[in-house]
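Structural description and commentary
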Amino acid sequence: MTSVAILSPSVGLHSLARFRARPSTVFSLVIVALVLVAAVAPGLLASGTPTQIDLTNALAPPSWAHPFGTDEAGRDLLTRVIYGTRLSLGIGLGATGIAMSLALVFGFAAGLVGGVLDTVITRVLEVFFAFPALLAALLVIAIFGPSVKTSIVAVGIGSMPGYARMVRGQVINVKQAGYIEAAHALGHSRWKVIRRHLFPNAMRPLVAVMTLGVGQSIVWASSLAFLGLGVPPPSPEWGALLDAGRLYITTSWWLEILPGLVIVLVALAVTSLGRTMQHRLEGASR
Amino acid sequence: MTTLAPDLLPSVSTRPLPARTSVRAARRVGFKVVSAVLVLIAAASVTFFAQLVIPGDRATTILNLQNGREQKWSTAELAPVNDRFGFDHPLIAQYLDYVGGFFKGDLGTSYTQFRPVTSVIGAQIVPSLVLTIGALVVAWIIALVVTLVTVKRGRFVSGAGSSVEAFTASLPHYWVGVILLVVFAVKIPIFPVIGGDGLWGTVLPVLTLAIPLSGFLGQVTRDEFDKVLDQPFIVTARARGMGDTGIRLRHALRHAVLPAITLSGWALGALISGAVIAENIFGRPGIGQVLVTAVNTRDVPTVSGIVLVVAAVYIVANLLVDLAYALVDPRLRAS
Amino acid sequence: MTVAVSRKTPKHETSNERSREVTAGQPLLKVENLRVAFGNTEVVKGISFSAKAGRCLAIVGESGSGKSVTARTLVGLTGDGGRVESDRLELGGTDLRTLDERTWRGIRGNEIGFVLQDALLSLDQLRRVGDEVGEPLKLHGWGDRRSRPERVVELLDSVGVPEPEMRAKQRPYELSGGLRQRALIASAIALDPRLVIADEPTTALDVTVQAQVLDLLAASKERGTAIVLISHDLSVVARLADEVAVMRDGEIVEYGETSKVLRDPQHEYTRTLIDAVPSEHTRGIRLVRGTTPSAPRTRRPIDRGRPLLEGRHLTKVYRGPDGVDRTVVDDVSFELFAGETLGIVGESGSGKTTTARIALAMLEPEGGDVLLRGEPWTTLSVRERRPLRSRVGVVYQDPLSSFDPRWTVERILADALSRGPNPPSGAAARKERVVELLEKVGLGAHQLEAGPLRLSGGQRQRVAIARALAPEPEIIVCDEPVSALDVSVQAQVLDLLTDLQDDLGVSYVFISHDLGVIHHMSDRVLVMKDGKVVERGTADDIFTRPQDPYTQRLLTALPRLEQAS
C-alpha cells in the first residue's frame, strides 16, 4: 500500500503535503469538486438553461449534443442535472445537519452524563431505531405534506438515531481513555477536560461519518422523491427527475437511469472519501 | 470497525447465559422480553403522538380529506366525526385506547377510507414480508460467498472484493431496481415487467433488495474476517496443521459473522423500506402501494399503522437475534 | 531417519509406548545460517543453532530481535511476504527447506508442537476446550470419534487440569489463566511431537502459575521431547533451558550452556541483559552499568516522623453484572514516608491497582480514607482537592493511552507544568522549562515536536515520568511503570526513577507484579492477595524471611537466574 501519512499532531499543510492518494481517492475528490462547482456556479458547467424547451427534440437518446439525452419537453437532461445539484446537495447537507445536531446533543448528553439520563436516552433511541429511516420520513411527510422543507426534516429525523448511537459510543470510548484520567489526575477541572480532550477526540472520527451521511441523505431524499413524495417536478432536483422519468422507463431509459447514476456516483464518492478519512484517523490515533 | 455498522447495534446488552444456572438464564430471557414489550409500547406511543401532531384540528382534517376541499366545518358537522373517532375523549383515554388496541390487533381507523387500518393493510403485509425475508437470505448468501472467497487472498483480489462491496452497499434501491428492470425485463425479456405474485416475478424484486444489503453485510463481515485472521488463535490452529479452508470455515467464520448477525435485525427494518420501493418499481402487491397511497392522501393512521407494524417486526426480530446471539457467543461482553 | 509424515497413519500408541528413535542429547533440529527477510528488510541475519532431544534450547532476546520470526519459521509460518533462506534446516533428517504446504501441514502439530503466549488469545474462545485440544488429533487422523474425546480427557489430566471431563466441555474463557495455558500446551503435545516450540509461554501468567507451566514443560523435556523456548525473561530461561542463544537485531551474539552463559557472559549485550535484571542483588546499585562498575546510590535520609501519605482501612466493593458484590480492596492500610519507596506487590486480581487509584483519589472507597501530610485527602470534595493534586503524580503502565494522541510532547509537558506551584509565564519561559524537564529524564529538545506515536516505548515512559515530575510533586504513584518494556529499557527507566529520587527526594508508591523489580526498588513492601494485605515489612524482611505462607509460595515459585544448573 502506498504510504499512509500518519497525521502528526503538528498537522496542517505539513502533513497534507505528504499525502499520497490512491486512485479512488483522487476520483472521489474530482467528483466532489465537480458537485461543488455545479452547486455554486452551474453556469460554469452547463451551456444552456434547464428550462429550455424544444419540443421537436423530445425524448432524444444520449448523443454528442445532449450527452444525457432530452426529456419529454426537449430539455437537455445534463443541464437539468447540473442545475439540480444545488437543491439536492442542499437537501443532503440540510438533512445531515439536522441529524448530526440532534445526534450530538443526544449522544453527548447520554455519554457524558451517564447514569439515568444515559439509560433514558438509549431507550428512546432504541424506539427511534425501530422505525426505519425511510418509513419515519414517510410518516413525517404524511403529517406535514411533501415539500423541500419536509424532505429535509424527514430525512434528518429518520437518520438521527444511527448517528446518535455512534456519538454516544465515541464519547463513552474516549471517556474511558487513559489521557482523560491523566488530565483529571493533574487537577484539571471537569469542563476543561471535556473541552480540551474529550470533545476534540470524540469528534475526530465523526467528521468522517458526517461525510458518509451526506451521501446517504442525498440517496434517501431522492428515494422519497422517486415515490412522488419529495420535491415535485418540474424541479431539476435529482429526485424529482427520477420521479418524472418513471413514466418513460421502458421507452426512454436514460431519463431514469442517468440521473440515478449521478446520484450513485456522488454518493459513492462521498462515501469513499468518508471511509478514507476514517481509515486515516483510525490509524493515526492508535 | 470502520463502517457505519457497529454503532447501529441494538443496545440491548448481550449478557452471557451461564452454563449451569438455568434459573438465571430464564430470568435474563424474561428481562429481555419485558424490555422488548416496553419498547413496543413506546413505539406505539410515538405513532399515537404522530397523529396528535397533525397541524389543525383532526376532525376538520378528516372532513377536508373526505370532501377534497379545505373549509371550516360547523360543530354539528364535526360532531359525528369526533364521536366516531373518539376525539372528544380525554387524551389519556385515547392514548390507552390506542396502545391497548394495538396489542389486540387494532390499529385505529383510516382517515380517508373510514374503515379499520388493519383491513386497509390486510393481507398485503404478507407478500412484503416474503420479499423482505427472501432478500435477507439471498443477501447473506451473496455476502458470505464473496467474502469467504476473496478475503485475505492477496491485495488485488481482496481489494477488488472490498471495492465491489462498497459499491453495491451504496446503491439506492430504486436504482438497482430500475436497472434490473430495464436490463432483464425490457431489453432482455427474461423476467416479467409487472412482478405479480409468482416465483419468477419475485426474483428481480428480491435481487433489488438483496444486492445493496449484501454489499453492506459483506463489508462488515470482511472487516471482521480480516481482523480475526490476524489473531493468535489462528496461528495456533495453523500450527496444528490446519489448512487455509479449514481455518476460514471452522475458526474464523464463526467469529466474523457475529457483527453481521447483530445487524440483521436492523437490516430487516431497512429491507422493508426498500420493499416499498421495489414493489413500486415492479408493480408487486404489498404494503408499498398501500403506504404510498396513504401518504399521498395524508391518511396518517394508516401510515402510522404500517410504520408501527414494521417497528413491531423489527423489535421482535431483534429480540430473536439477541437471544440467538447469546447462544452463538456466550462470552461476557462489557456494555 | 525419515519422519513419518503420512496423515493416514493412525497413532494409537500413547507417549509411553512410543519408541524414541533418538536418544537424549542427539541433535534433532539443525539450523544453519538461517536468513529471513520481509521485503527489503532482513529480520534474521544468518543464525545457526540446534535443538537436542530431551534438552531445552532457549532463544533470548528483546523486541525486534527476530526471535519470534525464527520460531514461526521453524514451523513454516513465517508470514506473508517473508523470504526464508538457509544452508540447513533439518528436523530429524527431513529437509524442511523444500517442503510444500501439504507436507508442512502433516508435520505441524504432529512432529512439531507450537505453544503461544496468552491462551486467552491463542485459543478459539468460541469453541470448547475439548475441541481445541482434540483438533490436532482430528487433523492428523488419530483415532476415531469415540476414542478422541477419551484421549482429550487423558491429555488434560496429564497436564494437570482438574476435572478434565467437565473442563473439556467448557470454553477457554471459563477457565483460569493457568488452566487455559495448560490446555494450550495439551493441544500442542497431543500427538507427542518430538519438538515443542514455545513462544513466551509464561508471559501473561502469575508467578505461581508460571512455575507450574514451567514444570509441565520440564516434564515434557524429561520424556525426551526437544524444546525450543523463546523468551525475554532470563530467569525463566535459567529455570528451564539447558542451552541458550542470545539474539539481537537478527543475530545470535552468544550461544552456549545456560549456566556458563549466565555466570560468565562473553558478549557485552549478554552482560547488559543479565545486569539489567532487577532482584535482591541489585538493590542500591544501577542496573545499567556499562564497562565501569557504577557507584552505589546516594540516598537521601527517609523522614520517619509523620507519614507523607497514609491509607487507613480502605475498602472498595464492586457490584458485578450478575448482582454479586466483590470486595476488591479489603481493609487495606499503608504508610508512605517522605523519601522512601513503598512497593505493593501482588498477582492479578490482588487489588493493588485499585488501591493505587484510591491513593490517588481517582476512585472513591466504600470505607476508610487517605491522608496527605496528615490532612484529609480522599474525603475532600473534588473541587477542594483539585489545587492539591500537584502534590501527587502518577505514571501509568501504558503511556501511549495516557497521552492525548493529538498533542505533542511539548504541549503535554507544558500542560503539566501549568499545574505546578510556579507555572512558567510566557511562551519562552514555558519552552525553557519543558526542555529542562526533558533533559532531566534523559531526552532532548529535539523531541519537542514529536507526537507520542513516534516515540519508542522507553521514550514514552520517560515523557510520562517528566509529566509526572512537572508539577513538582512530593509523591509519585507508579502503576506497573515498566511491565510493558523490554528488559534493557526497563533497567534504564528504573535507574531513572532511582536517580530522580536521589536528586529530588520524591517518594514513590510502586506497584508491580514483578517480585524482582519490587525487591530492587522498594524500601518497604506490602504483599497483597485477594484485596488484603497479607504481609508487610522492609524489603529484606519480606524477601529473606517471609512469614506468610502466600509470600513464601510466591518466592518459591519465582524463577531466579541462579537456578541454572
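Just so it is clear, the structure is predicted and the values come from calculations on it, not from any experiment. (Residues numbered from 1 in each chain as written. Chains lettered and ligands numbered in written order. Predicted model: local features only at pLDDT ≥ 70, side-chain atom pairs only at ≥ 80, totals over all residues.)

A count of helical and extended segments in chain B gives 14 helices and 0 strands. Counting from the amino terminus, helix and strand elements in chain B follow one another as α-α-α-α-α-α-α-α-α-α-α-α-α-α. Across the 335 residues in chain B, those meeting the buried criterion constitute 47%. (Helix = DSSP H or I, 4+ residues; strand = E, 2+ residues; numbered from the N terminus. Buried ≥ 20, exposed ≤ 12 C-beta atoms within 10 Å, placed from the backbone.)

So, about the overall build of chain A. The helix and strand tally for chain A stands at 11 helices and 0 strands. For chain A, the succession of helices and strands along the chain, N to C, is α-α-α-α-α-α-α-α-α-α-α. Dimensions of chain A, computed from the C-alpha atoms along their principal axes, are close to 80 × 50 × 30 Å. Evaluated residue by residue, chain A yields a buried proportion of 54% over its 286 residues. Pairs at least 24 residues apart make up 64% of the contacts formed inside chain A by residues separated by at least 6 positions. (Contact = placed C-beta atoms within 7 Å.)

All names here are of chain C. Ordered by their spatial adjacency, 6 strands build an open sheet running E7-E8-E9-E3-E10-E11, and the pairing between neighbours is mixed. Each edge of the sheet is formed by a strand with only one pairing partner; in this case those strands are strand E7 (112-115) and strand E11 (251-257). Strand-to-strand twist of the sheet, defined as the mean angle between neighbouring strand axes without regard to direction, takes the value 15°. Sheet analysis places strand E3 (residues 56-60) next to strand E10 (residues 243-248), joined by 4 bridges and oriented parallel. When the bridges of E10 are listed, valine 60 appears paired with valine 246. Packed onto the sheet, helix H7 (residues 177-189) meets E7 and strand E8 (195-199) and runs at close to 165° relative to E7. (Pairing = 2+ DSSP bridges. Axes fitted to C-alpha atoms, helices over the stretch in contact; angles between N-to-C directions.)

A few words now on the interface of chain C and chain B. Between chain C and chain B, the contact holds 22 residues from the first and 17 residues from the second. When the residues that make up the side of chain C that touches chain B are grouped by side-chain class, the tally is 11 nonpolar, 7 polar and 4 charged. (Nonpolar A, V, L, I, M, F, W, Y, C, P; charged D, E, K, R; others polar.)

Each partner contributes to the interface: chain B provides 46 residues, whereas chain A provides 46 residues. Elements with a contribution of two residues or more to the side of chain B that touches chain A: helix H1 (22-52), helix H7 (155-169), helix H8 (173-187), helix H12 (258-282), helix H13 (287-296) and helix H14 (300-328) of chain B. Across the side of chain B that touches chain A, the residue classes break down as 36 nonpolar, 8 polar and 2 charged.

Residues and elements named next belong to chain C. Read across the open sheet, the 4 strands follow the order E13-E12-E15-E16; overall the sheet is antiparallel. The open sheet has two free edges, formed respectively by strand E13 (325-336) and strand E16 (375-376), since each of these has just one partner strand. In this sheet, E13 lies alongside strand E12 (residues 309-319) in antiparallel orientation, the contact comprising 8 bridges. Directly across from leucine 309, in E13, lies its bridge partner leucine 336.

Another aspect to go through is the environment of leucine 497 of chain C. Along the chain, leucine 497 of chain C turns up in helix H17 (residues 487-504). Taking the C-alpha atoms as reference points, leucine 497 of chain C and glycine 442 of chain C, 55 residues apart in sequence, are found 11 Å from one another.

Before going further, it helps to examine the pairing of strand E21 (residues 532-538) of chain C. All names here are of chain C. Summarising the sheet, strand E20 (residues 524-529) and E21 pair through 6 bridges and their orientation is antiparallel. Bridge pairing in E21 places valine 525 opposite glycine 537. In textbook terms, the turn of a hairpin is the stretch between consecutive antiparallel strands, and for E20 and E21 this stretch comprises 2 residues, one of which, aspartate 530, has a positive phi near 55°.

Now for helix H14 (residues 409-417) of chain C. Along H14 of chain C, 7 of the 9 residues are buried, which leaves the element largely enclosed by surrounding structure. For H14 of chain C, the full list of buried residues reads Val409, Glu410, Ile412, Leu413, Ala414, Ala416 and Leu417 of chain C. Contact partners of the buried residues in H14 of chain C: helix H8 (178-186) of chain A together with helix H15 (427-440) and helix H16 (457-469) of chain C.

Attention shifts here to the confidence of the model for chain B. Residues and elements named next belong to chain B. When pLDDT is averaged across chain B, the result is 79; 88% of the residues are at 70 or more. Mean pLDDT across the elements of chain B bottoms out in helix H2 (residues 58-67) (78) and peaks in helix H10 (residues 232-239) (92). In this model residues 1-20 is a low-confidence stretch, pLDDT under 50, and it forms 53 contacts with partners more than four residues away in sequence or in other chains. Overall fold confidence for the complex sits at a pTM of 0.82, while the interface term, ipTM, reaches 0.82. (pLDDT = per-residue confidence, 0-100.)

This part is about H10 of chain B. Counting buried residues in H10 of chain B gives 6 out of 8 residues, a clear majority hidden from the surface. Taken together, the buried positions of H10 of chain B are Phe233, Val235, Thr236, Ala237, Arg238 and Ala239 of chain B. Turning to H10 of chain B, the residues buried within the fold contact helix H11 (244-256) of chain B together with E7 and helix H3 (119-122) of chain C. A positive phi of about 110° marks glycine 241 of chain B, the residue just after H10 of chain B.

Another aspect to go through is the pairing of strand E1 (residues 27-38) of chain C. Residue and element names in this part refer to chain C. As defined by bridge partners, E1 adjoins strand E2 (residues 41-52) across 9 bridges and the pair is classed as antiparallel. Paired with valine 36 across the two strands is valine 44, which belongs to E2. Joining the antiparallel neighbours E1 and E2 is a turn of 2 residues, in which glycine 39 adopts a positive phi near 65°. The sheet contact formed by E1 and strand E5 (residues 88-91) spans 4 bridges and is antiparallel.

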